Amino acid sequence: MTDTSIRDYNYITVNRFYVEMQESSYISASFNEFSGLGADLEHEIFYEGGVNNQQRVMLKDVKFSNVTLKRGMSNDLVFLGWASSLFSTFKSAGSDTKNISDYRRNVNILLFNQAGETIQTWTLIGAIPVSWKAPSLQADGTSVAIEELTLAYEGLKIYVNNTLSSSSSSSGATIHSSGRDATGYFASN
């Protein structure tokens, strides 16, 4: 197979991804696992009297599942620092969440094909750390120490080949650097 035929297939393996975070124009960290990305559309089923061969499906809200990032521990503290500052601020503020939006970030997960081209980008809009876990340590262990960061997020944009995968004319899979707009939502294009 030549390079051209490989590129024509655009096949993707699960091990070619990177993570970027708003306010840093470089790849923030190398993770060895990314899981949980998904959305569920809540719905309710109704049955109409006298119509026995159908049901009606009423759609409600979209619910995004939390994303978990796992990586080998290192001296790069960008994600731990983000989570730690949020946790300490929230603890001292109690239930006051008015300044929590200062800690929200847009996070890009970039997926590459075998030719090293960005094939798909998922942008988690308004992501915020909701959990951080240190690795289990063992005196007789030899494996890499893996830490976990779990993010909740307010919205999701998907870019395929650097083009927004909806009818919108927005293009590019760049880090969103603006904060909430006048309606209270993070920029989504």
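Look above for the structure.
Residues numbered from 1 in each chain as written. Predicted model: local features only at pLDDT ≥ 70, side-chain atom pairs only at ≥ 80, totals over all residues. Heavy atoms only, no water.

(A) Geometry of the overall build of the chain. Each helix and strand counted, the chain has two helices and eleven strands in total. The order of helices and strands in the chain, counted from the N terminus, is α-β-β-β-β-β-β-α-β-β-β-β-β. Across the 189 residues that make up the chain, the buried fraction comes to 30%. (Helix = DSSP H or I, 4+ residues; strand = E, 2+ residues; numbered from the N terminus. Buried < 20%, exposed > 50% of the residue type's maximum accessible area, 1.4 Å probe, protein only.)

(B) Structural view of the pattern of salt bridges. For the structure on display, the rule yields six salt bridges. Where arginine 104 meets glutamate 154, a salt bridge forms, and the shortest distance between an N and an O atom there is 3.4 Å. Note that arginine 104 is positioned in the loop between helix H2 (78–93) and strand E7 (105–112) and glutamate 154 in the loop between strand E9 (146–152) and strand E10 (155–160), a separation of 50 residues in sequence. Its relative accessible area of 18% is what places arginine 104 among the buried residues. Each member of the salt-bridge network shares a partner with another, and the members are Glu33, Lys70 and Glu148. (Salt bridge = Lys/Arg side-chain N within 4 Å of Asp/Glu carboxyl O.)

(C) Main features of the nonpolar core. Counting 23 residues, the largest nonpolar core has Trp82, Val107, Leu124 and Leu151 as its most contacted members. Contributing elements (two or more residues each) for this core: strand E1 (17–21), strand E6 (67–72), H2, E7, strand E8 (118–133) and E9. Discounting chain neighbours no more than four positions away, the residues touching leucine 151 are Asn66, Val67, Leu69, Trp82, Val107, Leu124, Ala127, Ile128, Pro129 and Val130. (Core = buried A, V, L, I, M, F, W, Y, C linked by side-chain atoms within 4.5 Å. Contact = heavy atoms within 4.5 Å.)

(D) Here's a closer look at the packing of aromatic side chains. Inspection of every chain in the model, using the stated rule, returns two aromatic pairs. Both rings, one in phenylalanine 34 and one in tryptophan 122, keep their centres 5.9 Å apart while their planes meet at 25°; by these two values the pair is stacked. Here tryptophan 122 lies in strand E8 and phenylalanine 34 lies in strand E3 (residues 33–35), a separation of 88 residues in the sequence. Accessibility classification places phenylalanine 34 together with tryptophan 122 in one group, the buried group. Aromatic pair phenylalanine 64 and tyrosine 153: ring centres 5.3 Å apart, planes at 40°, arrangement tilted. Placement of phenylalanine 64 in strand E5 (residues 56–64) and of tyrosine 153 in the loop between E9 and E10 is noted, with a sequence separation of 89 residues between them. (Phe/Tyr/Trp six-rings, centres within 6.5 Å; stacked < 30°, edge-to-face > 60°.)

(E) Seen up close, the side chain of threonine 68. Among the structural elements, threonine 68 can be located in strand E6. Engagement of the side chain of threonine 68 in a polar contact is seen with the side chain of threonine 150, the distance being 3.4 Å. Each residue touching threonine 68, except ones within four places of it in the same chain, is listed here: Glu33, Phe34, Ser35, Glu148, Leu149 and Thr150. (Polar contact = N/O pair within 3.5 Å; in protein donor to acceptor, adjacent residues only side chain to side chain.)

(F) Region of the structure containing empty space enclosed by the protein. All told, the structure shown has one cavity of 30 Å³ or more when counted by the stated rule. Considering the residues around the largest cavity, the lining is formed by Phe31, Arg71, Phe79, Leu80, Trp132, Glu147, Glu148 and Leu149. Going through the elements one at a time, H2 and E9 are the ones with two or more residues in the lining of the largest cavity. Per-element accounting of the lining of the largest cavity gives the leading share, three residues, to E9. Broken down by class, the residue content of the lining of the largest cavity amounts to five nonpolar, no polar and three charged. (1 Å grid on protein atoms, 1.4 Å probe; cavity = no way out; pocket = protein on both sides within 12 Å on 5 of 7 lines; lining within 4 Å. Points joined across faces, edges and corners; volume = space filled by probe spheres on them. Nonpolar A, V, L, I, M, F, W, Y, C, P; charged D, E, K, R; others polar.)

(G) Fine view of the side chain of threonine 150. In this fold, threonine 150 is placed in strand E9. Each residue touching threonine 150, except ones within four places of it in the same chain, is listed here: Asn66, Val67, Thr68, Ile128, Pro129, Val130 and Ser131.

(H) Expanded view of the environment of proline 129. Assignment of secondary structure puts proline 129 in strand E8. Separated by 42 residues in the primary sequence, proline 129 and phenylalanine 87 place their C-alpha atoms 8.7 Å from one another. The residues touching proline 129, leaving out its near neighbours within four places in the chain, are Trp82, Ala83, Leu86, Phe87, Leu149, Thr150 and Leu151.

(I) Looking closely at the pairing of E9. Judged by how many residues are buried, E9 sits mostly within the fold: five of seven residues are covered. Summarising the sheet, E6 and E9 pair through six bridges and their orientation is antiparallel. Pairing of glycine 72 across the sheet is with isoleucine 146, part of E9. Pairing analysis gives five bridges linking E8 to E9, with the strands arranged antiparallel. In the strand pairing of E9, lysine 133 is matched with glutamate 148. (Pairing = 2+ DSSP bridges.)

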